[in-house]
Amino acid sequence: DLRSDLDSQGTAEVLRYRTDTTAPSPLRIVTVDAFDGDVWQPSEPQAGTSQPLDGALPSPPGLAEGTPYTDVQYDVTVEALRQRWLPTPYPATTVDVGGDWVVDTSTLNIQGQGRTSTVEGQDYRVVQRAVDPDPAALRDAPDAPADVQERYTQLPPDLPPELAEQAREVVGGETSKYLQAAALQEWFRSTGGFTYSLEAPEPRTANALADFLTDRTGYCVHYASAMAVMARTLGIPARVAVGFLPGSTLGDGSWQVTLQDAHAWPELYFEGAGWVRSVRLELAAGR
């Protein structure tokens, strides 16, 4: 539900990890791309896209050879987390974990099979390909493949028209998908007059996103959903990721993640770079 409060479950520690970077990525649990106007959920894996997790993951969708990246290692210990989706930074290239897990090659979502889930005291290791695409390459990225475009720009037929109208107003005459996305991000972050609050207003209409654009107050689910939907109205492939922020550093060099770090964020697709968190988009064409 778009109004589910990810921050209502207290301060229990869910994960602890060590990494060789000073700026860890969020730990993504799952991406959700099927939106019916009220609820986001994962699409059912397409035929032939699900395979056993045997250590090495398939290449990240859309990532071209030559795109700059750094390999980053995460050594994770599970605390109070019982989850059939394995939290990993995106995109992971190798995952060493016990149990029966499968990976969806189109999303890199990792799901436990049978009774497999995360359990307290479990250790696993992830190597992430931390991608750092050139802004010029994002700005000049070619159109997404037809299957990506079709799957990740779908919208419900009863979507309130004000979402598409607002998106067009925000981007103005800009035609670059990258700069359109950057304009949306800047609007949500600073120029749109939004206030981040866990006390979202009570529903006034049948559509939570329309209310959010009117009231200009909400929390991560509202922001992520609205940006993904508005990006889709512009023809930009988009989805929502759910997981945890990097957490807090501890004195022993490890990082602690609690339920208060639960988070949702949008991911947008650019050919050559693949799926990009909106917070990594540059705001100016020359940067």
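Computed from a predicted structure; not experimentally measured.

Some words on the packing of helix α5 (residues 208–215) against helix α6 (residues 220–233)
Here's step 1: Interaxial distance between α5 and α6 falls to 10 Å at its minimum, and their mutual angle equals 105°. On the basis of the axis angle, α5 is roughly perpendicular to α6. Residue-level inspection shows Leu209, Phe212 and Leu213 of α5 in contact with α6, the latter providing His222, Tyr223, Ser225, Ala226, Val229 and Met230.
Here's step 2: Its residues assigned to classes, the contact of α5 with α6 comprises seven nonpolar, two polar and no charged.

Let's talk about the packing of helix α3 (residues 161–171) against α5
Here's step 1: Packing of α3 against α5 leaves a shortest axis separation of 9 Å and a crossing angle of 45°. Judged on the interaxial angle alone, α5 and α3 are oblique. α5 is crossed by α3, and the crossing has left-handed handedness. Contact with α3, carried on its side by Glu162, Leu163 and Gln166, involves Leu209, Ala210 and Leu213 of α5 and no other residues of that element.

Thoughts on the sheet that holds strand β14 (residues 248–249)
Here's step 1: The strand order across the open sheet built from six strands is β7-β10-β6-β1-β15-β14, with neighbouring strands paired in antiparallel fashion. A single partner strand is all that each edge strand has here, and the edge strands are β7 (92–96) and β14.
Here's step 2: In this structure, β14 lies alongside strand β15 (residues 255–258), joined through two bridges in antiparallel fashion. Counterpart to Ser248 in the pairing with β15 is Gln256.

A word on the pattern of salt bridges
Here's step 1: Under the counting rule described, the total for this entry stands at eight salt bridges.
Here's step 2: The closest approach of N and O atoms between Asp33 and Arg151, which form a salt bridge, is 3.3 Å. With a gap of 118 residues between them, Asp33 in the loop between β2 (27–32) and β3 (34–35) and Arg151 in helix α2 (residues 146–152) connect regions that are remote in the sequence. Of the two residues examined, Asp33 and Arg151, each falls in the buried class.
Here's step 3: Arg239 is paired through a salt bridge with Glu267; the nearest N and O atoms lie 2.8 Å apart. In this pair, Arg239 sits in strand β13 (residues 238–244) while Glu267 sits in strand β16 (residues 262–270), placing the two residues 28 residues apart along the sequence. For the pair formed by Arg239 and Glu267, the shared burial category is buried.
Here's step 4: In the salt-bridge network here, residues are joined through shared partners; they are Arg28, Arg239 and Glu267.

What counts as what
- Residues numbered from 1 in each chain as written.
- Predicted model: local features only at pLDDT ≥ 70, side-chain atom pairs only at ≥ 80, totals over all residues.
- Heavy atoms only, no water.
- Axes fitted to C-alpha atoms, helices over the stretch in contact; angles between N-to-C directions.
- Helix = DSSP H or I, 4+ residues; strand = E, 2+ residues; numbered from the N terminus.
- Parallel < 35°, antiparallel > 145°, perpendicular 65-115°, else oblique.
- Contact = heavy atoms within 4.5 Å.
- Nonpolar A, V, L, I, M, F, W, Y, C, P; charged D, E, K, R; others polar.
- Left-handed = near helix turned anticlockwise from the far one by under 90°.
- Pairing = 2+ DSSP bridges.
- Salt bridge = Lys/Arg side-chain N within 4 Å of Asp/Glu carboxyl O.
- Buried < 20%, exposed > 50% of the residue type's maximum accessible area, 1.4 Å probe, protein only.

Everything listed here is a matter of coordinates, which is why it stays silent on function.
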